[in-house]
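# Analysis of the macromolecular model
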Amino acid sequence: MTSESFAHLTLAFGLLGNVVSFMVFLSPLPTFYKVYKKKSTEGFQSVPYVVGLFSAMLWIYYALLKTGAMLLITINSVGCFIQTFYIIFFLIYAPKKARIESLKLIMLMIVVGFGLIVGLTQFFAHGASRVAIVGWICLIFALCVFVAPLGVVRQVIKTKSVEYMPILLSAALTLNAVTWFFYGLLLHDFNIAIPNVLGFTFGVLQMILYFVYKNKKPVSDEKKVSELEAKKVETEEQKISEKRDQEIIDVVKLSALMCSIPAVTRVNENTNDNIGHNHLVVEPPRVPLAHTIEVAA
């Protein structure tokens, strides 16, 4: 392969990486549309956007120190603008407590963290050593960022639900890792290539989990179904118990009613009665001394 073809291939991977990364940067837009509609950030956090801004600033600083990495500067400049927009939008609609926590995180990572990296490397490192130090910082931070999806992977396995792991985003992140891996490989820059190996691995793992669990019923839904069935059985048992109690009460009422009906007897013809007719004598009910009625509960 000629040097010209090599340069064209590197440029192609860099441009593709810019396009895919730009789409990934835009992926939170539906989230912020919900925030705008509800005028509240609800349970959303600003951490991903502050971390994204810090990462983009780090890669810009690294690309400025290193020659021939203009495509890193272009996409991360766009990333800085988009992440800053997300953070400002979040601060507008966040409640007071979340806003204060976000400002603290911004001060810690952007002002203190990035400020120290730039200041220390400018004063205590020179030339190639400065590039190497900043490159290692970018490498370690990128590895930490790529390890973050492990929490989502754990949640998918635990709940058997892919609700919080959209397939399109996973595919985009995988493709993004592949393009930047080859871009770094062609530039012989392993600070760019190595983290994207991990990104590609986790991206493929997420897509495999998606196809494994996409048609399975989430654990939460199974619990809801079992709870509804248990509640239904309990309701039926309660109805049967109430019906049995009502039957016992009805029997007791019927017995009491039978005791209160007057006894009607036929008196035989009295031989001493000169009239010679039969008479009906109505006897009052015999009232017992005490009635005790027990009703089963």
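In the annotation of an unreviewed UniProt entry, the chain is listed under the name Bidirectional sugar transporter SWEET and assigned to Centaurea solstitialis. Under the UniProt heading Function (unreviewed entry), the note attached to the chain is "Mediates both low-affinity uptake and efflux of sugar across the membrane." One UniProt comment on the chain, placed under Subcellular location (unreviewed entry), says "Cell membrane".

### What about the overall build of the chain?
Assigned secondary structure in the chain consists of 10 helices and 2 strands. Ordering the α and β elements of the chain from the N terminus gives α-α-α-α-α-α-α-α-α-α-β-β. Residue burial in the chain is summarised as follows: out of 297 residues, 31% are buried. Within the chain, contacts between residues separated by at least 24 positions form 72% of all contacts whose residues are at least 6 apart in sequence. Summed over all atoms, the accessible surface of the chain reaches about 19700 Å², with 67% contributed by carbon and sulfur.

### Thoughts on a nonpolar patch on the surface
A cluster of nonpolar side chains, contributed by M107, V111, V112, L116, L120, F123 and F124, occupies part of the molecular surface with about 780 Å² of accessible area. Topologically, V112 is positioned in helix α5 (residues 96-124). Residue V112 is classed as partly exposed on the basis of its relative accessible area of 40%.

### Considering the side chain of N176
Residue placement: N176 occurs in helix α8 (residues 167-186). If sequence neighbours within four positions are ignored, N176 has contacts with G17, V20, S21 and N196.

### Quick notes on the environment of E101
The topology assignment puts E101 in helix α5. Judged by relative accessible area, E101 falls into the partly exposed class, the value being 47%. Sequence separation between E101 and S46 is 55 residues; the distance between their C-alpha atoms is 8.9 Å.

### Overview of the packing of aromatic side chains
Within the structure shown, the criterion is met by 14 aromatic pairs. Taking the centre distance of 5.9 Å and the plane angle of 45° together, the rings of F85 and F89 count as tilted. Taken together, the residues span about one helical turn, with F85 and F89 both in helix α4 (residues 70-93) at a distance of 4 residues. Classification of F89 by relative accessible area gives buried; the value is 16%.

Each value, and the rule that gives it
- Residues numbered from 1 in each chain as written.
- Predicted model: local features only at pLDDT ≥ 70, side-chain atom pairs only at ≥ 80, totals over all residues.
- Heavy atoms only, no water.
- UniProt positions renumbered as here; feature names shortened; annotations may be inferred.
- Helix = DSSP H or I, 4+ residues; strand = E, 2+ residues; numbered from the N terminus.
- Buried < 20%, exposed > 50% of the residue type's maximum accessible area, 1.4 Å probe, protein only.
- Contact = heavy atoms within 4.5 Å.
- Areas by Shrake-Rupley, 256 points an atom, 1.4 Å probe, with all protein chains shown as cover.
- Patch = residues over 30% accessible without salt bridge, like charges linked within 9 Å, V, L, I, M, F, W, Y side chains within 5 Å.
- Salt bridge = Lys/Arg side-chain N within 4 Å of Asp/Glu carboxyl O.
- Phe/Tyr/Trp six-rings, centres within 6.5 Å; stacked < 30°, edge-to-face > 60°.

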